[in-house]
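Spelled out, the chains give:
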Amino acid sequence: MTESLSPSQWIDLAQCDDARDVVHRAVACLAQGGVVGLGLETVYCLAASALNPAGVAKLRELRGESESRPLTILLKGPEETTDWVSHIPETSRRLVRRLWPGPVTLLFPKDACNGLYQRLPDEVKPLISPNGDIALRCPEDRLIRHILRFSPAPLVLSLVRGADQAPAATADALRSMSGLDMAIDSGPTRYGQVSTTVRIEENGWSVVREGVVDAETLTRLSGLILVFVCTGNTCRSPMAESICKVLLSRRLQCPVEELQERGYAVVSAGVAASTGSPAATHAIEVLRSMGGSLDRHRSRGVTTELVQQADCLFAMTTDHLDALLNVVPGAQPRAFLLDPEGNDVPDPIGADLPTYRRTAETIERMLTQRLDQIGIPDLSKRPAG
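Nothing here was measured: the structure is a model prediction, and the numbers come from that model.

J.: Describe the overall build of the protein chain, with residues and values.
T.: The secondary structure content of the protein chain amounts to twelve helices and 14 strands. On the principal axes, the C-alpha backbone points of the protein chain span a range of 85 × 55 × 35 Å. In the protein chain, of all internal contacts separated by at least 6 residues, the share reaching a separation of at least 24 is 71%. Per element, the accessible surface of the protein chain, about 17900 Å² overall, is 47% carbon and sulfur.

J.: Describe the nonpolar core, naming the residues involved and giving the relevant values.
T.: The nonpolar side chains of a soluble globular protein tend to be buried with one another. Among the nonpolar cores identified, the biggest contains 45 residues, and Leu46, Ile73, Ile128, Leu136, Val156 and Leu174 are the most heavily contacted of them. Of all the elements in the fold, those that place two or more residues in this core are β3 (44-49), α2 (53-63), α4 (90-99), β5 (104-109), β6 (133-137), β9 (196-201) and α7 (215-222).

J.: Run through the packing of α4 against α7, naming residues and quoting values.
T.: The N-to-C vectors of α4 and α7 enclose an angle of 110°; their axes lie 8 Å apart at closest approach. When the axes of α4 and α7 are compared, the pair comes out roughly perpendicular. Counted together, Thr91, Arg94, Leu95, Arg98 and Leu99 of α4 and Leu218, Leu221 and Ser222 of α7 form the full contact between these two elements. By residue class, the composition of the contact of α4 with α7 is four nonpolar, two polar and two charged.

J.: Give me the lowdown on helix α11 (residues 318-327), citing residues and values where you can.
T.: When α11 is considered as a whole, its buried residues turn out to be His320, Leu321, Leu324 and Leu325. Buried residues of α11 fall within an arc of 135° about the axis and therefore sit on the same side. Among the exposed residues of α11, those oriented more than 90 degrees off its buried face are Asp319 and Asn326. For α11, the secondary structure elements touched by its buried residues are β11 (224-230), α8 (236-252), α10 (304-309), β13 (312-315) and β14 (335-337).

J.: Describe the pattern of salt bridges, naming the residues involved and giving the relevant values.
T.: Counted under the stated rule, the structure contains 16 salt bridges. Among the salt bridges present, the one from Arg94 reaches Glu90, with a minimum N-O distance of 4.0 Å. Of this pair, Arg94 and Glu90 both sit in helix α4, four residues apart, roughly one helical turn. Relative accessible area serves as the criterion here: at 12%, Arg94 is assigned to the buried category. Looking at Glu90, the relative accessible area reads 40%, which means it is partly exposed. Notably, a salt bridge pairs Glu364 with Arg250, separated by 3.8 Å at the nearest N-O pair. Here Arg250 lies in helix α8 and Glu364 lies in helix α12 (residues 353-374), a separation of 114 residues in the sequence.

J.: Please give an account of the environment of Phe336 that cites residues and values.
T.: Note on placement: Phe336 falls in strand β14. Expressed as a C-alpha distance, the spacing of Phe336 and Leu107, which sit 229 residues apart in the sequence, is 33 Å. Apart from the residues within four sequence positions on either side, Phe336 is in contact with Leu313, Phe314, Ala315, Leu321 and Arg370.

J.: Let's hear about the packing of aromatic side chains: which residues, and what values?
T.: Think of a pair of aromatic rings as described by two things: how far the centres are apart, and how the planes are tilted against each other in angle. For the structure shown, the criterion picks out two aromatic pairs. A centroid spacing of 5.6 Å and a plane angle of 25° characterise the contact between Phe228 and Phe314, whose relative ring orientation is stacked. Here the residue Phe228 occupies a position in strand β11, and Phe314 occupies one in strand β13, the gap between them amounting to 86 residues. Residue Phe228 shares its accessibility class with Phe314, and that shared class is buried. Judged by centre distance (6.0 Å) and plane angle (35°), the ring pair of Phe314 and Phe336 falls under tilted. Placement of Phe314 in strand β13 and of Phe336 in strand β14 is noted, with a sequence separation of 22 residues between them. The buried category is assigned to Phe314, whose relative accessible area is 2%. The positively charged end of Arg175 is found above the aromatic ring belonging to Trp10, 4.0 Å away from the centroid.

J.: Can you explain the pairing of β3? Please cite residues and give values.
T.: β3 sits mainly inside the fold: six of its six residues count as buried. Residue alternation in β3 divides its side chains into two sets, Tyr44, Leu46 and Ala48 and Cys45, Ala47 and Ser49, and both sets are buried. Between strand β2 (residues 36-39) and β3, which pair antiparallel in sequence order, lie four residues. Direction of pairing for β3 relative to strand β7 (residues 155-159): antiparallel, over a ladder of five bridges. Within β7, the position partnered with Ser49 by the bridge is Leu155.

J.: Go over a negative patch on the surface with me, naming the residues and quoting the values.
T.: Taken together, the side chains of Glu210, Asp214, Glu216, Glu257, Glu258 and Glu261 make up a negatively charged region of the molecular surface. Here Glu261 lies in the loop between α8 and β12 (264-270).

Cut-offs applied
- Residues numbered from 1 in each chain as written.
- Predicted model: local features only at pLDDT ≥ 70, side-chain atom pairs only at ≥ 80, totals over all residues.
- Heavy atoms only, no water.
- Helix = DSSP H or I, 4+ residues; strand = E, 2+ residues; numbered from the N terminus.
- Contact = heavy atoms within 4.5 Å.
- Areas by Shrake-Rupley, 256 points an atom, 1.4 Å probe, with all protein chains shown as cover.
- Core = buried A, V, L, I, M, F, W, Y, C linked by side-chain atoms within 4.5 Å.
- Buried < 20%, exposed > 50% of the residue type's maximum accessible area, 1.4 Å probe, protein only.
- Axes fitted to C-alpha atoms, helices over the stretch in contact; angles between N-to-C directions.
- Parallel < 35°, antiparallel > 145°, perpendicular 65-115°, else oblique.
- Nonpolar A, V, L, I, M, F, W, Y, C, P; charged D, E, K, R; others polar.
- Arc of directions from axis to C-beta.
- Salt bridge = Lys/Arg side-chain N within 4 Å of Asp/Glu carboxyl O.
- Phe/Tyr/Trp six-rings, centres within 6.5 Å; stacked < 30°, edge-to-face > 60°.
- Lys NZ or Arg CZ within 6 Å of the ring centre and 35° of its normal.
- Pairing = 2+ DSSP bridges.
- Patch = residues over 30% accessible without salt bridge, like charges linked within 9 Å, V, L, I, M, F, W, Y side chains within 5 Å.
- Lys, Arg positive; Asp, Glu negative; His and termini not counted.
- Charge placed at Lys NZ, Arg CZ, Asp CG, Glu CD.

Functional significance is not addressed by these values, which are geometric in nature.
Here's what the structure looks like:
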């Protein structure tokens, strides 16, 4: 018969006057080699200090599983990924940038992990990575993020299962867990299901365990996101967006509607745009003659989230580029003028149809060069057979 945790070991977060005290108690327990049960945004888990062999061994024992799945190493932020993994394929970098913090665990091969992993105690490595995989996760739950912030060592994690062997969405499964040093009851978890586990491969990724984030969302977020920016998002940038979709569909030999399935997302925005305005009438007419469509376009403003998620940001003018970098200065390595030669794209607003047509042709020429520079293959030029 197992013994329940004592009142001093069980913490009901809703009854605490100061959550900071709970964080400091958990940090102290972990630093001393203890194992703490707590809820993340997904399910309840067990946590231990990665630098304490006794604590990690105890976590393994409490886990109660004979399988060789790795323990998950928790990161404080997406930027810590390179501290653990020496080589991250570009598609994986996109997942890291767009999904973390969040309910996704990434599995890397052991030979890709240098840096901090190699500095873990020798006794700990086989406990964390018994089958050679390294599991990394950057959680979004506020409690664990505060604990990570104050922990002097990396933490490792393993999920908790209830009596029915299902992942525990409440703290009830912790109550009778013998040997647990501390349990924090923060109520039902946000998602009530496990994190999605994704194996990172050199040429892509594959879902190992289905969870909160589905494969369709992963496909969308691992793709190349191209963003075009002008002032009001009614003339130049929507024209660039539509022309880019036409060029991509030709290069990839697929309908525009299938571009996202192929891993390409193309959008536009304005640095001073109102929301919901249609594209300029002449822009709609010109793009229709080029095989594109702006019939359903509605203007949108530039947002921090959009800039952060983009792989390439193409501004129509230097002023637009400066405005982008004022929003997110860290986007500089991914932000460019659309013209490879560094010139502004003239604004056709208020001009006649031939002017719009010349602007569209100019944008098409610049885009052709930019797509070549990005390295997007042109399947239409491959010899048949």
